[in-house]
Each structure stands twice: as structure tokens, then as C-alpha cells.
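# Summary of structural features
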Amino acid sequence: MLEHILRRLGFGASPAELAAYAGMPIDAVIDRLLNYESLSTDHDSKIGQPDYAGITTAAGQPFSPNTLINDARQRWLFRMIHSQRPLEEKMALFWHNHFATAYTKIAGAVGQERATRMMDNDPSSLSGSEPGMIQKLRQFATGSFPGMLLAMAKDPAMVYWLDSQLNTRTRPQENFGREIMELFSLGIGNYVEQDVYAAARVFTGFNWQINGDRASTTQSFYSFVYRPNDHDTNAKEFTFAIYPDGGKVIPARAAANGEQDALDLILALARNPATARRLATRLYKFFVNETAEPDQAFISTLSNAYLGNNYNIKAVLRTLFDSPQFRDPANFYQRYSWPAEFVVRAIKETGWVGFSVAGAITPMTNMGQLLFEPPDVNGWELGPGWISTSSMLARMNFSSTLAANQRFNLARDAQPYRATPERVLEYALARFRTMGFATAQSNSMIEYLKSTAWTGSDAQLQQRVPGLTRLIVGSGEYQFV
């Protein structure tokens, strides 16, 4: 159960982390992971220290995750590995797919440095700058869903990604108006084209501007700005309720007050029962089981937790994590790991001393996931969509590279079990948990260990234990969380 919780609420655990949690009651573990707000956020200060995963920079260049996208990717992987708040990073990853926004389109317009700031700027890096999109997703990760929707509506990366800067009263641009209903809240079938046009008019005037040192790409940043002259001040009528009394029309307003239109629509979308069920279903599939259809009665329970707690995501997660469904062993290993999850879990369980997270970026791309680069507004194809012949080969190759890199540490840790191949295998299967191997597979791993006469020598451990790690971590059975 403990390892299940650490896989689902985080990215697995290192042997040291498992030992630290081992004496805690399960409810206490969940409380600590869920209520992480008081825990340290000093993970970035550990970057470059010898006991942590490494980073790689261009020769002579400082590490600059606020202006260089590959450095930003390394920082995020480092945080996934070492953060004391793993659920915060897990939820940021979840919302990154929900509010799918890709760096490349933005960089093509504003340049690489500014685009990186738009995606994941840490405000402490530049006085007056605002948090990048992923930082905002961390901020709202388990909090107010309407607050998150509003933050995304005003986020410069989202504004550019969905062309909101082109959305004016004389020429409404429908991209964001459509996606806030189709992808971010209600879902297909719960709105009509009339609603898309009305929503586009709601968000007219939402734009961004450059602040800071405009002449410098590394000392400037984009901030949201509302342009009243571009806002459609007329009434907007929808086919679903906007107000608690059932009213479906956002009234005409002076341009100076036009942002209230967005507030009214966002709150209406957030409190709509269709949004509640859609979020409940997505969270269920992410945390419980995506291989079978969820029990609709339980989805109703999760929806009610959302609606009855001021549209708060933590209330849904608390209900979910306390449920028999989450804790049912039948639901263990019933979700395909995303490449980021696979890579981070493999690093945490295998070890990281002397390993740079930069070495995971290309393998992850070959597995089908490049952070900050979802393929389109729908996000990545989840579930079995992660697994293909080529992506599985990339996972196997990564497991081989990582195991070889950590061969001395792996051999050292296996020394207490060196007496027999069977004990070594038992140890390895306990360290690298999977959904389970058939007897024939386990026998094959024993035969691999015994392919030369077993002595349990240091040299044999350094050869066979990394090879066994590669076989387990690269197996189909390890790809589920």
C-alpha cells in the first residue's frame, strides 16, 4: 500500500524515502503528501550539489531555467525527483496536460528566452516578473478550480497559444472561448456553437504586453493586460445557466468593467455539474484506474465533493484518497505511466549519483513526451497511447543506460543478498515493484543470474545486478503505476 501511494501521489520513492515513510500510518502518509503547503520549497537550492541528480549546461554557460527551455526541463525533472512536495509536481504535470500549451509556437513569435519565461518563470529570478504557466499550475494545483481557470485565461502563454491577442470586439477569435468549454471545463456535448461565439466575445480585450527591460530578451517578460477598447460591451447570451438564479445572459457592461464578463462565465463553468463530473472522471483515471470504466456512483461522490466545497480540488483528492477504490489492490498498477513518471520513478528507485537529468530529455522525447511541448490542445494521448514498439524500445534503452550508470551503487546495495541468485532476485523485485511476473519470467531472470557459475563476488554483482535491473525496469510489467 505504501508504495502504491508514493507512486500515485508522487513518482515512486528512493530506498531512503521508503525507509523514512515505513513507520508512518497510511493515513498520515496521505495527509503529509496531500497537505504539503508547509513543506520546504528549497529544492532548487540543491541543484548542483553532489548528493542530488545532476544537470548539464552548455560549456561555459550558467544554468538558466528561466530563459533556456532545456534548462527549464532539467529543473522540472530535478524537482520531480527531489521535491518534498511530490504531489505538487504530480498535479502540475496533470494540469500541464489539461491546459496543454506548447513552447515552440510561443518561441516562434517572442523568442526562446521570453517564451521560456512564459512557460516556467520563477518570479524570484527577475524583479517584478510574473510566474510562468507551470508555476501558476503549481500554485493552483490542489486549490480553487475557478481561480485556476481565471489564471489560465490571463496567462500570457495561454493568450498567445490560443490566439487571444487577436480577439477584439470587431473580430472575435473563438479559440479560447471554445477550448475553455470543450477541454478545460464542460466537455463536448455540453455547449453549442452559440456558446462558443458568446464566450469569444466575453474574452475580447484579453492580451499581453512586454515589461521589464524591453531591449533585453533575458531581462524582460510578458504580463497580462486587459484592453478596454477591444472589449465587446454588449450582452452575451448562453444556452446554459450563468447565474445561480438560472439567468443565461451576461449583461451589457461598460468597457472598463469588461473583465467581470470573464469572471461571471468562469464561475458559471466551474460550478456546472458537467464540469464537476468531467474533472472527477479525469482525476479518477489519473489516480485510481484508467483500464476500466469508473463506477458512476463514485464519480458522483467525487463531483459532490467538488461542488460542495467551493470547487476546491483538494476536497476531491481527499475524498478520492480516502476511498476504498483508491486503496483497493485490484486498482494497483491500473494506469500506464507517462514518460515523465517512468523516468523519474526509475531514477528514484535505481539511483542518481553521477547521473544528469539532461540525459533523460531525449529518451523521454523518444517515449512520446517532451515537457512544455504537448502535441496539440488536446494534450498527449494517454493510456495505451503511450506504448508503441518505438516508445517501448526507448523505455528499455533508458533502463539500460540508467542501470549501467548506477552499476556500482546497485551492486553495493545487493551485497547483503549475494548468497544465492534467488535472494538477489527477491531483493530486486522488492526494490523495483511491478504488477508481477509470471513464473516463467521469474525463472528466466534466475537463469540470467546463473548464466555463469554463481559466486556472489563483487565483480559478478556489478555485472549481473545492473543487468537484472535493466530487465525489470524495461519490462512491460514496470510500465504501470
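In this report, the structure presented in the accompanying data block is examined. Small disclaimer: the values here were computed from a predicted structure and weren't measured. (Residues numbered from 1 in each chain as written. Predicted model: local features only at pLDDT ≥ 70, side-chain atom pairs only at ≥ 80, totals over all residues. Heavy atoms only, no water.)

The helix and strand tally for the protein chain stands at 24 helices and four strands. Taking 2.2 N^0.38 as the reference for a compact globule, 481 residues should give roughly 23 Å; the C-alpha atoms of the protein chain span a radius of gyration of 24 Å, in line with that estimate. If one aligns the C-alpha atoms of the protein chain with their principal axes, the spans along those axes are about 85 × 55 × 40 Å. Within the span of the protein chain, comprising 481 residues, buried residues form 56% of the whole. A fraction of 70% describes how many contacts in the protein chain between residues 6 or more apart in sequence connect residues 24 or more apart. Carbon and sulfur atoms make up 51% of the accessible area of the protein chain, which amounts to about 18,600 Å² in all. (Helix = DSSP H or I, 4+ residues; strand = E, 2+ residues; numbered from the N terminus. Rg over C-alpha atoms; globule rule 2.2 N^0.38 Å. Buried < 20%, exposed > 50% of the residue type's maximum accessible area, 1.4 Å probe, protein only. Contact = heavy atoms within 4.5 Å. Areas by Shrake-Rupley, 256 points an atom, 1.4 Å probe, with all protein chains shown as cover.)

If you walk through the whole model with that rule in mind, you get 29 aromatic pairs. Pairing W338 with W386 gives two aromatic rings, centres 6.0 Å apart and planes at 40 degrees, and the pair type is tilted. You can see W338 sitting in the loop between α17 (324-327) and α18 (339-350) and its partner W386 sitting in the loop between α19 (358-367) and α20 (389-405), a full 48 residues away along the chain. For the pair formed by W338 and W386, the shared burial category is buried. Lying over the aromatic face of F342, R395 brings its terminal NZ or CZ to 5.2 Å of the ring centre. Looking at R464, its charged tip hangs above the ring of Y448, at a distance of 4.8 Å from the centre. (Phe/Tyr/Trp six-rings, centres within 6.5 Å; stacked < 30°, edge-to-face > 60°. Lys NZ or Arg CZ within 6 Å of the ring centre and 35° of its normal.)

Our focus in this paragraph is unusual backbone geometry. Not every positive phi belongs to a glycine, and N310 is a case in point at roughly 60 degrees. For N310, the position within the fold is in the loop between α15 (296-307) and α16 (313-321). Backbone geometry places Y311, a non-glycine residue, at a positive phi of 60 degrees. The residue Y311 is located in the loop between α15 and α16 in this model. Relative accessible area serves as the criterion here: at 15%, Y311 is assigned to the buried category.

A word on α15. Between its first and last C-alpha atoms α15 spans 16 Å; for 12 residues at 1.5 Å apiece the expected length is 16 Å, and the two agree. On its buried face, α15 sits against α9 (145-153), α13 (259-271), α14 (273-287), α16 and α17. Where α15 begins, the capping side chain belongs to D295, and its oxygen is found 3.1 Å from the backbone nitrogen of A297. (Expected span 1.5 Å × (residues − 1). Polar contact = N/O pair within 3.5 Å; in protein donor to acceptor, adjacent residues only side chain to side chain.)

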